[in-house]
Amino acid sequence: MQLEKSIIEETNHQQQAAHQRKFDFVAEDINGLDTILKKLEDFNIAIPSWALGTGGTRFGRFSGGGEPRSLEEKIEDVGLIHALNRSSNSISLHIPWDIPSNAAAVKAHAAQLGLHFDAVNSNTFQDQASQELSYKFGSLHHVDKAVRKQAVAHNIEVIKYGVELDSKALSVWLSDGSNFPGQLNMRGAFERTLESLQEIYEALPADWKVWVEYKPYEPNFYSTTIGDWGQSYLLSSKLGNKAQTLVDLGHHLQGANIEQIVSLLLMEGKLAGFHFNDSKYGDDDLTVGSINPYQLFLIFNELVEGMDARGMNHATAIGWMIDASHNVKDPIEDLIQSVEAIKIAYAQALLVDTPALVQAQQNNDVVQAQEILQHAYRTDVRPLLAEARLRAGGALDPLALYRKQAVRNQLIAERGAKAVSTGL
Ligand code: RM4
Ligand code: MN
Ligand code: MN
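These numbers come from a predicted model, not from an experiment.

## Here's the deal with the overall build of the protein chain
So, point 1. A tally of helices and strands in the protein chain yields 15 helices and ten strands.
So, point 2. On C-alpha atoms alone, the protein chain measures out to a radius of gyration of 22 Å, which is about the 22 Å that the 2.2 N^0.38 rule sets for 424 residues.
So, point 3. For the protein chain, the spread of C-alpha atoms along the principal axes amounts to about 65 × 60 × 40 Å.
So, point 4. Burial statistics for the protein chain: of 424 residues in total, 46% are counted as buried.
So, point 5. If you take every contact in the protein chain between residues at least 6 apart in sequence, the share linking residues at least 24 apart comes to 80%.

See below:
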């Protein structure tokens, strides 16, 4: 299904007066308002194809109903989100969960909804029915060369699918690791991973990147071969300019200072981009901003400062993507919330008074530095986001409109209450 533009416009019209009041209140105190609104309009976050269905846990999966049954229906769902928020103009595919068998048609369908394709993700953390050798003991790091070859070939195939869709990056996350001390020679595992990644790197088109994602544990619980940003950075440095490190917010041990990691990767030109989500304990894949929105703001503060220092375009210089999926929310509602949370943190970071902060740091004025950051963080930027959405043709309040139109019920009517989408 698609949302009629007239419905969005009509609803915006009804909400206009209330919006204007809130907008004027916050806008009055903001310097460079139009530049900020333009940056907010330009800022889009990619939607992963695996987040459109309800996520399972290792204990079970409870389908929410009306889930997309095919890639086409997933694209439709992203189209709905984008129509509402005008901030989700791309989709990231996971192969083989979503194989674009007719790339031209898939691309045309997406383009019709104003969408294009972000990074493609390979999957060597599960065995597929058709594959010859198992990834039970790893893929790119496997001790058996034949398994590594199979995993390299899969990644090269994923690049091919991506080329057909005009993607520009391959994102690699490996579950390779060990569950028990002694199981694995860690140096050997690293060297074999590097060698496999080099073969994949060779197959990258000139204008492509490979994004190396790290994660400390799960599904392996003793060692993970690409376990932290240092290991990913080491690999991406050895590989070359087309390789960078991907930061998934849920892939750190508790208490890690992610904003510092981000700041240094950016300094080295090695920050590929993000998988956004939130977490309380581990790789919880919760809605962005639902647990620790202040940390998200601090990350964006480093991003804005660091990108400005290097003259980078905020919207396009690195990859912005959500990687979340869980079991109790309507996935579309969850994604609308996630995109909003990301843009709130971004808008707050844009409000930081940088010259004053530099001055406070220079003077070792710790109190003032904190005041400056928290002043930005405590500003209610939601009317700014609403205004940017309005200017871009989206809904003033995407979630309210989604609910008012009973979109999920319509999807259930179309696709059935038991439709189950591919993914985790
Ligand atoms: C992993 C990691 C990857 C994602 C898979 C589904 O934990 O975050 O990015 O592709 O989950
Ligand atoms: Mn991820
Ligand atoms: Mn993850």
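Moving on from the model shown.
## What about the pairing of strand S4 (residues 169–172)?
So, point 1. With burial as the criterion, each face of S4 is covered, one bearing Ala 169 and Ser 171 and the other bearing Leu 170 and Val 172.
So, point 2. Here strand S3 (residues 116–121) runs beside S4; their pairing, made up of two bridges, is parallel. Of the residues in S4, the one forming a bridge with Val 120 is Leu 170.
So, point 3. A crossover connection joins S3 to the parallel S4 through helix H5 (residues 145–164); in handedness this β-α-β unit is right-handed.
So, point 4. Bridge count between S4 and strand S6 (residues 209–213): four bridges; the pairing is parallel. Paired with Ser 171 across the two strands is Trp 211, which belongs to S6.

## Details of the environment of Ile 47
So, point 1. Position of Ile 47 among the secondary structure elements: in strand S1 (residues 47–48).
So, point 2. Sequence spacing of Ile 47 and Leu 115 is 68 residues, and the spatial spacing of their C-alpha atoms is 10 Å.
So, point 3. Filtering out sequence-adjacent residues up to four positions away, Ile 47 remains in contact with Val 78, Ile 81, Ser 88, Ile 91, Ile 322 and Leu 335.

## A closer look at the nonpolar core
So, point 1. Ile 91, Val 210, Val 262, Phe 300, Ile 322, Ala 345 and Ala 347 are the most contacted members of the largest nonpolar core, which has 107 residues in total.
So, point 2. For this core, the element with the highest residue contribution is helix H10 (residues 331–350), accounting for twelve residues.
So, point 3. Beyond its immediate sequence surroundings of up to four residues, Ala 345 is in contact with Gly 289, Pro 293, Leu 296, Phe 297 and Phe 300.

The rules we used
Residues numbered from 1 in each chain as written. Chains lettered and ligands numbered in written order. Predicted model: local features only at pLDDT ≥ 70, side-chain atom pairs only at ≥ 80, totals over all residues. Helix = DSSP H or I, 4+ residues; strand = E, 2+ residues; numbered from the N terminus. Rg over C-alpha atoms; globule rule 2.2 N^0.38 Å. Buried ≥ 20, exposed ≤ 12 C-beta atoms within 10 Å, placed from the backbone. Contact = placed C-beta atoms within 7 Å. Pairing = 2+ DSSP bridges. Right-handed = clockwise from strand over helix to strand, strands pointing away. Core = buried A, V, L, I, M, F, W, Y, C linked by C-beta atoms within 7 Å.

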